Structures are given as C-alpha cells and as structure tokens.
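Geometric and topological summary
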Amino acid sequence: MTPNRIALWAAEADIEEDVDLSLAIGNYGQNGHYDDAHIQQPQIDESAFLTMQQHMAQQAAFAQIPDVVKGFIVHFHQAVLENNLAEITVAYESGWNKYTEKFYARTEWPEAEIIAPLVNDDPIFLILYRELYYRHVYSRLQPNIDDRFHSYENSCELFNYLLNSDGPVPLELPEQWLWDIIDEFIYQFQVFCTWRSKVKPKTEDELVMLSEGGPVWSSYSVLNVLYSLIQKSRINEYIVAQQQGKSAEEITEIVGEYGQRPLYRMLGYFSIIGLLRVHVLLGDFTLALKVMDNVELNQKSSFTRVTACHVTTYYYVGFCYMMLRRYSDAIRTFITILNFIMRMRQYHTRSYQYDQISKTADRMYALFAMCNALSPSRLDDNISNIAKERFGEQISKMSRADPDALTAFEELFLYACPKFITANPPPYEDPAAIALILSPPSPSDSPSQGSAPHIDPTHRHLNLFLADVAAMSPVPTLRSFLKLYTSLGAKKLANFLDADEEEMVQELMMMKQSSRSLSRISGNEKGLLDGQSIPTSDLDFVIDENMVHIAESTVGRRYAWWFIKNTERAQRIFDDLKGMPLPAPSKQNRPTLASTATPSGPVATAEPGKRKVAWGSVKAV
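I will try to describe carefully the structure that is included in this document. (Residues numbered from 1 in each chain as written. Predicted model: local features only at pLDDT ≥ 70, side-chain atom pairs only at ≥ 80, totals over all residues. Heavy atoms only, no water.)

What to know about the overall build of the protein chain
Looking only at helices and strands, the protein chain has 27 helices and 7 strands in total. In the protein chain, 69% of the contacts between residues at least 6 apart in sequence involve partners at least 24 apart. Total accessible area on the protein chain stands at roughly 37,100 Å², and carbon and sulfur atoms take up 54% of it. (Helix = DSSP H or I, 4+ residues; strand = E, 2+ residues; numbered from the N terminus. Contact = heavy atoms within 4.5 Å. Areas by Shrake-Rupley, 256 points an atom, 1.4 Å probe, with all protein chains shown as cover.)

Written as structure tokens, this is what we have:
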C-alpha cells in the first residue's frame with residue numbers, strides 16, 4: 001500500500017499538466033451571462049424592517065439588564081398582581097431606591113417596552129412602571145421634550161384606568177405610593193409650565209411640538225383630574241360623615257362603591273392636598289384654603305399617615321396665611337409642623353424623603369422669620385432660636401426700618417416661596433407673536449399691543465408682598481417710641497419721627513391696622529378661612545385731641561409650660577443616671593484602716609489593745 005501511495009502523490013504534477021482544465025470546468029461563470037431581469041426583486045417593507053431593528057435593539061438592551069434587576073421586576077410585578085401591600089411597600093420604598101443607587105444613579109431605567117417580557121406585557125404594571133421611570137428621569141436626570149410629553153400621556157392612561165373603568169379597579173397600592181403619584185403629577189405639571197414659559201431657549205423642533213401639543217399639561221386637565229378623583233371617591237362626604245360620628249354602615253351607603261375602596265379614598269384625600277398646592281402655585285390663596293374646608297389640621301387627620309404629605313399640607317397652608325396677612329395663623333401653623341419635624345427627625349433619617357422634608361423645613365423657618373418680623377410674638381422660643389441661628393443676619397435687618405429690611409425680606413421670600421407658575425402658555429400657535437417675543441422691538445419703537453414685558457409670576461407675588469412690607473416699615477420705629485411713654489403729645493411724636501402731624505397720624509393708623517388681624521380661634525371655627533378679629537400686639541393706643549395715650553399689656557410668662565419642660569428634662573437625666581452602672585472602686589482608692597485620714601492629718605496605727613493617737617489632736621489618756 002505504501003509504495004503505490006507514494007507513486008500517486010509523485011505523479012500529481014504530471015496529472016495537472018495533462019488535464020485540460022477548460023474542458024473539465026466548462027464555461028460556467030466565464031463566457032456565459034446569466035439574465036436575472038425576469039426575476040422580480042423582493043419588496044422590503046420599511047415598517048417591518050424598522051420593527052425588526054427595534055426588536056433587535058430591545059433584545060440587546062434586555063440582555064444588558066442585570067439579573068438582580070430582572071428578578072426584582074418579576075417579584076415587584078407578582079406583588080402587584082396579588083395586591084400584597086407588604087411586599088409592594090418593601091419593593092417600592094426599599095428595592096427601587098436600592099437598585100437605582102446601584103445601577104441607575106446617572107442613567108435611565110430600562111424602558112417599559114424592554115422589560116415587558118418579564119411581566120407578560122401586563123398593561124397596568126407597565127403604566128405603574130412608567131410612572132416610576134419618569135419620576136426617576138425628572139429627579140435624577142434632565143428630561144427632554146419627549147419625556148415631558150410621554151409622562152403626561154402615561155399619567156392620562158393611569159387616571160383614565162382609575163376613573164373610567166367599569167367599577168372600582170382591583171388594585172391596591174401603599175398610601176405612600178398614592179401620595180407620590182399625586183405629588184409627582186403636580187410637580188411635573190409645575191416643571192413643564194416653568195419650562196414652557198421660557199420661549200428663547202427653545203429649538204425649532206420644540207417650538208413646533210409645543211404649537212401642536214394641544215392641552216398637554218394644561219391647567220384645566222390637571223385640575224380636572226384632581227376634582228374628578230375627589231368626586232369619584234366622595235371624600236368630602238366621607239370626612240363630614242366621620243366628623244358627625246355616623247356608623248360604618250351609614251358611611252358605606254354615603255360614599256358608594258368607590259369610596260369604600262382604600263385606593264380611591266386615599267387618592268381623593270391626597271387630591272384635596274394637591275388642589276391646595278395647585279391653587280397656591282396659580283396664586284389663588286383664598287381658593288386654596290377653601291378646598292380644605294372639611295380637612296382638620298390636627299394629628300388625627302389622614303394626611304398625617306404620610307410624613308411628606310403632612311409637611312406639605314402645613315407648608316402651603318402657612319404660606320397662604322402669610323400672603324393673606326394673617327401672620328398669627330401662619331406662625332402657629334409653622335410652629336406646629338416644625339415642632340413635629342424636630343420630634344420625628346430621628347425616625348426619618350433613613351427615609352428616601354428625608355432630604356426633601358429637611359429642605360421644606362428650612363424654607364418654613366425662613367417664612368416663620370418673616371411672619372415674626374411683621375407680627376412679633378413669643379409662642380415658641382425653641383423655633384425662634386433656631387430661626388435666629390439660620391437667618392440671624394436677615395432677622396436683624398428686618399427688625400429695622402431701612403432699605404436693608406426690604407432686601408432681607410426679598411431674599412427670604414425668594415428662597416422660601418413656592419415656584420409659582422403661569423396658567424396660560426405663550427402663544428406658540430401664533431408664529432408672529434412668538435417672533436415678537438424672540439426679537440422684541442427696541443425701546444425707541446412705539447409699543448405695540450401685546451409687547452408688554454413679561455413679568456415672572458414669582459416676582460409678581462414678591463412685589464405684592466413687598467408693597468405690604470413697605471407700608472408697615474415705619475411700625476417698628478413708631479413702636480419703639482410709644483413703648484417709652486404712657487402719654488405723648490402728637491406734635492412731640494411728629495418731631496421724633498421727623499414728619500408732620502398728618503403724616504404721623506397716617507403712620508399711627510397703619511400701626512393700628514397692622515396690630516389687628518383675622519385669626520382662627522381653636523374650637524370655634526371649622527374652615528381654615530374662618531376667624532375672628534383679634535389684637536396681635538401688646539401695645540395699644542388712642543388719639544385724644546392732640547395727645548396719644550398708650551396702653552401696654554404685658555403677656556405673663558407661661559410658668560406651667562416652663563415647669564413641665566424642665567421637669568421632663570430632669571426626669572430624663574434621672575432615668576439616665578439610674579440606668580448607669582455604679583463604678584467599681586479601685587484597690588488603691590479603697591479606704592483602709594492604715595490609710596484613713598482626717599482633716600487634722602494622718603492617723604497613726606495603734607498597737608493591739610491600745611488606743612490610736614491622732615496627730616494634731618488631743619491625746620487620749
């Protein structure tokens with residue numbers, strides 16, 4: 001076998017020379033021409049091609065999702081399907097924030113279409129997932145115009161599902177999540193209105209989308225959602241029935257099938273707080289307090305179950321009182337919630353809302369400082385001291401009647417006020433009007449209709465507030481003079497003020513007006529707008545002919561509160577001392593017979609049977 005095989009390999013060169021390759025191969029692909037004109041080319045469907053590309057991109061994005069995140073989403077979906085409130089709460093408050101910090105702190109979560117296979121394309125869970133997705137975009141990233149429009153569409157889908165389904169939906173969510181849904185809905189509306197009002201930074205595509213956007217994030221649509229939730233849940237009737245002490249059967253008959261469900265009841269309740277916030281953002285402070293007629297500001301109200309809702313409610317109520325010149329009510333409102341935050345601070349340090357609550361508390365300290373400067377009171381020394389520590393420079397300026405006082409009021413107001421919005425958007429549907437805004441005419445040109453300069457809503461409310469402050473600016477100086485006398489001639493007082501008598505009388509009338517205010521009396525008023533006119537100053541006066549008679553009523557110190565506070569402090573110190581173990585005496589400090597000393601000096605050790613002799617003392621016989 002081996003010799004024949006070698007001969008065959010050796011003859012390979014001869015075989016190649018003897019064989020005509022052209023005869024063996026023929027003219028295949030060389031001389032002949034294949035005509036494919038009669039074959040119809042396949043038509044590629046562009047939409048199908050784009051769908052295939054999108055599907056491949058989704059598969060690639062799905063493969064990049066960490067396995068722990070996939071498992072979390074599956075577990076989250078299962079908890080929502082089973083209405084397991086305990087598991088939903090853990091996944092919502094702990095799991096979502098945990099994986100956000102670990103994987104998506106600086107990037108978006110996977111889109112709902114990518115994680116859809118994990119949840120069997122469940123439309124309800126995908127709506128809830130998008131709500132969390134866009135909330136993350138707004139809080140950690142910078143949303144673009146597509147995010148703003150799509151978040152509105154997702155909110156519409158969620159509320160249409162809740163309000164337009166055949167009967168109450170079989171869904172249960174934690175109260176914290178329900179509040180966050182309403183709170184985030186209003187926040188995204190607020191951010192969109194602020195962004196929409198700024199015409200100059202917009203690109204051409206954004207201007208086109210805004211002109212064709214229609215009622216996207218309109219004030220009417222937002223108010224319609226909140227009022228619809230209140231009406232569907234019949235929450236006002238529920239609150240009134242509870243206040244009247246009706247039985248559970250009567251309440252069930254009053255509220256109907258929707259009001260019985262905790263989901264709708266709490267959404268309706270949080271929508272009342274949402275309306276308070278929206279009306280404040282729109283600048284209607286009276287209507288904002290009016291919608292709260294049936295809600296009582298006490299620790300038994302339902303909004304206290306969610307700390308963020310509790311703090312938000314008191315912040316906006318207190319701000320409304322300040323803008324309505326009811327400074328005493330505003331001070332009491334701020335003191336109540338700030339004391340609550342001080343007591344509960346240690347329990348919320350690990351909460352994901354701790355930073356937001358702390359920032360709101362700082363803003364309320366600034367509002368408290370302004371109200372206390374306009375209507376001095378001594379309701380709570382602890383809050384006053386904290387406000388002085390944080391805003392001491394501004395408080396000292398606000399106590400003086402000089403231009404620096406207005407600067408301090410302006411600084412604190414801009415820091416602590418809500419971010420007001422404009423209800424009406426710019427005329428994006430009118431290119432000529434937009435062009436006029438983008439390229440305003442020069443001052444030398446004659447002003448045309450609609451070319452008035454745009455005033456930011458925040459500065460509009462600031463100007464109104466500073467006008468009241470400026471009118472009350474002479475009050476501190478006038479008060480300091482009146483506190484020195486029991487009666488004073490009008491001419492002499494005018495000389496002190498470097499003003500004529502007529503101007504001095506006007507300042508006295510301004511002081512008289514500012515010393516009385518409408519205030520709520522505990523136990524007598526139900527609505528937040530109700531109240532009685534009470535004096536807010538300890539200094540009163542009357543003008544009789546050419547004399548000013550002053551009467552000062554000093555409020556006595558609340559000794560009961562002082563003793564209770566210090567008794568509790570002493571009891572805590574005593575309990576701490578009782579809980580501490582007694583220190584064990586060391587050997588070198590342990591008293592012995594040989595080392596015992598007296599004030600007169602050391603004692604000599606006596607021999608057995610003899611008495612001791614103390615040096616420096618009388619010898620014993």
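Some thoughts on the nonpolar core
Among the nonpolar cores identified, the biggest contains 158 residues, and F76, F319, M322, F465 and L482 are the most heavily contacted of them. It is helix α15 (residues 262-281) that provides the largest number of residues to this core, a total of 13 residues. Not counting the four nearest positions on each side in its chain, L482 is found in contact with L493, L508, M511, L539, F541, V548 and I550. (Core = buried A, V, L, I, M, F, W, Y, C linked by side-chain atoms within 4.5 Å. Buried < 20%, exposed > 50% of the residue type's maximum accessible area, 1.4 Å probe, protein only.)

Re the environment of S155
Take S155: it is sitting in helix α9 (residues 145-163). Linking S155 and E131, residues 24 residues apart in sequence, is a C-alpha distance of 7.4 Å. Residue contacts for S155: discarding those within four places in its chain leaves F185 and W217.

Focus on a negative patch on the surface
Together, D500, E501, E502 and E503 give the surface a local cluster of negative charge. As for its placement among the helices and strands, D500 is situated in the loop between α25 (490-496) and α26 (501-514). Look at D500 and you get partly exposed, because its relative accessible area is 46%. (Patch = residues over 30% accessible without salt bridge, like charges linked within 9 Å, V, L, I, M, F, W, Y side chains within 5 Å. Salt bridge = Lys/Arg side-chain N within 4 Å of Asp/Glu carboxyl O. Lys, Arg positive; Asp, Glu negative; His and termini not counted. Charge placed at Lys NZ, Arg CZ, Asp CG, Glu CD.)

Quick look at a nonpolar patch on the surface
There is a patch of nonpolar side chains on the surface, built from V505, M509 and I543 and spanning about 230 Å² of accessible area. In this structure, I543 sits in strand β4 (residues 539-544). We classify I543 as partly exposed; its relative accessible area is 36%.

Quick notes on empty space enclosed by the protein
In the structure shown here, the tally under the stated rule is 3 cavities of 30 Å³ or more. Here the largest cavity defines a volume of roughly 110 Å³. Around the largest cavity, the lining residues are E131, Y134, S151, N154, S155, L158, F159, I181, E184, F185 and Q188. Those elements that provide at least two residues to the lining of the largest cavity are α8 (123-140), α9 and α10 (175-196). When residues of the lining of the largest cavity are assigned to their parent elements, the largest contribution, 5 residues, is made by α9. Counted by class, the lining of the largest cavity contains 5 nonpolar, 4 polar and 2 charged residues. (1 Å grid on protein atoms, 1.4 Å probe; cavity = no way out; pocket = protein on both sides within 12 Å on 5 of 7 lines; lining within 4 Å. Points joined across faces, edges and corners; volume = space filled by probe spheres on them. Nonpolar A, V, L, I, M, F, W, Y, C, P; charged D, E, K, R; others polar.)

Observations regarding the pattern of salt bridges
Under the criterion given, the structure shown has 13 salt bridges. Where E101 meets R140, a salt bridge forms, and the shortest distance between an N and an O atom there is 2.4 Å. In this pair, E101 is assigned in helix α6 (residues 85-103) and R140 in helix α8, connecting sequence segments 39 residues apart. Of the charged contacts in the structure, one is a salt bridge between D293 and K290, with a shortest N-O distance of 3.1 Å. One salt-bridge network, held together by shared partners, links E131, R135 and D180.

Focus on helix α24 (residues 475-482)
Those residues of α24 not exposed but buried are V475, L478 and L482. Along the axis of α24, the buried residues cluster in a sector spanning 70 degrees; they form a single face. Contacts from the buried residues of α24 go to α25, α26, β4 and β5 (547-552). (Arc of directions from axis to C-beta.)

Digging into the packing of aromatic side chains
Scanning all chains against the criterion turns up 30 aromatic pairs. Geometrically, the ring pair formed by F192 and W195 is tilted, given 5.7 Å between the ring centres and 50 degrees between the ring planes. One end of the pair, F192, and the other, W195, are both in helix α10, 3 residues apart, so they sit about a helical turn from each other. Consider the rings of F409 and F465, whose centres lie 6.2 Å apart with planes at 65 degrees: the pair is edge-to-face. Remark: F465 occurs in helix α23 (residues 457-471) and F409 occurs in helix α21 (residues 403-416); sequence separation between them is 56 residues. Grouped by ring-pair contacts, the aromatic residues F72, F76, Y92, W96, Y99, F103, Y104, W109, F125, Y129 and W177 constitute a single cluster. Looking at K232, its charged tip hangs above the ring of Y258, at a distance of 4.7 Å from the centre. (Phe/Tyr/Trp six-rings, centres within 6.5 Å; stacked < 30°, edge-to-face > 60°. Lys NZ or Arg CZ within 6 Å of the ring centre and 35° of its normal.)

Notes on the packing of helix α17 (residues 307-323) against helix α19 (residues 354-374)
For the pair α17 and α19, the least separation of the axes is 11 Å and the interaxial angle reads 20 degrees. Relative to α19, the element α17 is oriented roughly parallel. Along this stretch, α17 crosses α19, giving a crossing that reads as left-handed. Side by side, α17 and α19 meet where T307, A308, V311, Y315, F319 and M322 of the first sit next to I357, T360, R363, M364, L367, M370 and C371 of the second. Of the residues that constitute the contact of α17 with α19, the class distribution is 10 nonpolar, 2 polar and 1 charged. (Axes fitted to C-alpha atoms, helices over the stretch in contact; angles between N-to-C directions. Parallel < 35°, antiparallel > 145°, perpendicular 65-115°, else oblique. Left-handed = near helix turned anticlockwise from the far one by under 90°.)

Things to note about the pairing of β5
By the bridge criterion, 3 bridges tie strand β1 (residues 487-489) to β5 in an arrangement that is antiparallel. Residue pairing for β5: G489 is matched across the bridge by M547. Of the strand pairs in this sheet, β4 and β5 are connected by 6 bridges, and their pairing is antiparallel. By the bridge assignment, I543 is partnered in β5 with V548. (Pairing = 2+ DSSP bridges.)

Looking at the environment of W96
For W96, the position within the fold is in helix α6. W96 sits in the buried class, given a relative accessible area of 7%. Distance in space between the C-alpha atoms of W96 and F76 is 9.4 Å, their sequence separation being 20 residues. Excluding its chain neighbours within four sequence positions, the residues that come into contact with W96 are F72, A91, W109, Y129, L132 and Y133.

Comments concerning the pairing of strand β2 (residues 516-519)
Alternating positions in β2 separate cleanly, S517 and S519 being buried on one face and R516 and L518 remaining unburied on the opposite face. Both β2 and strand β3 (residues 532-535) contribute to a ladder of 4 bridges, which runs antiparallel. Of the residues in β3, the one forming a bridge with S519 is Q532.

Quick word on the sheet that holds β4
In space, the 3 strands of this open sheet follow the order β1-β5-β4, with antiparallel pairing throughout. Only two strands of the sheet have a single neighbouring strand rather than two, namely β1 and β4. The mean angle between the axes of side-by-side strands here comes to 25 degrees, regardless of whether they run parallel or antiparallel. On the sheet, α26 packs against β4 and β5 and is oriented at approximately 140 degrees with respect to β4.

Overview of the side chain of S151
Along the chain, the position of S151 falls in helix α9. On the accessibility criterion, S151 (2% relative accessible area) is buried. Leaving out residues up to four positions away in the same chain, S151 has contacts with Y134, Y138, Q188 and W217.

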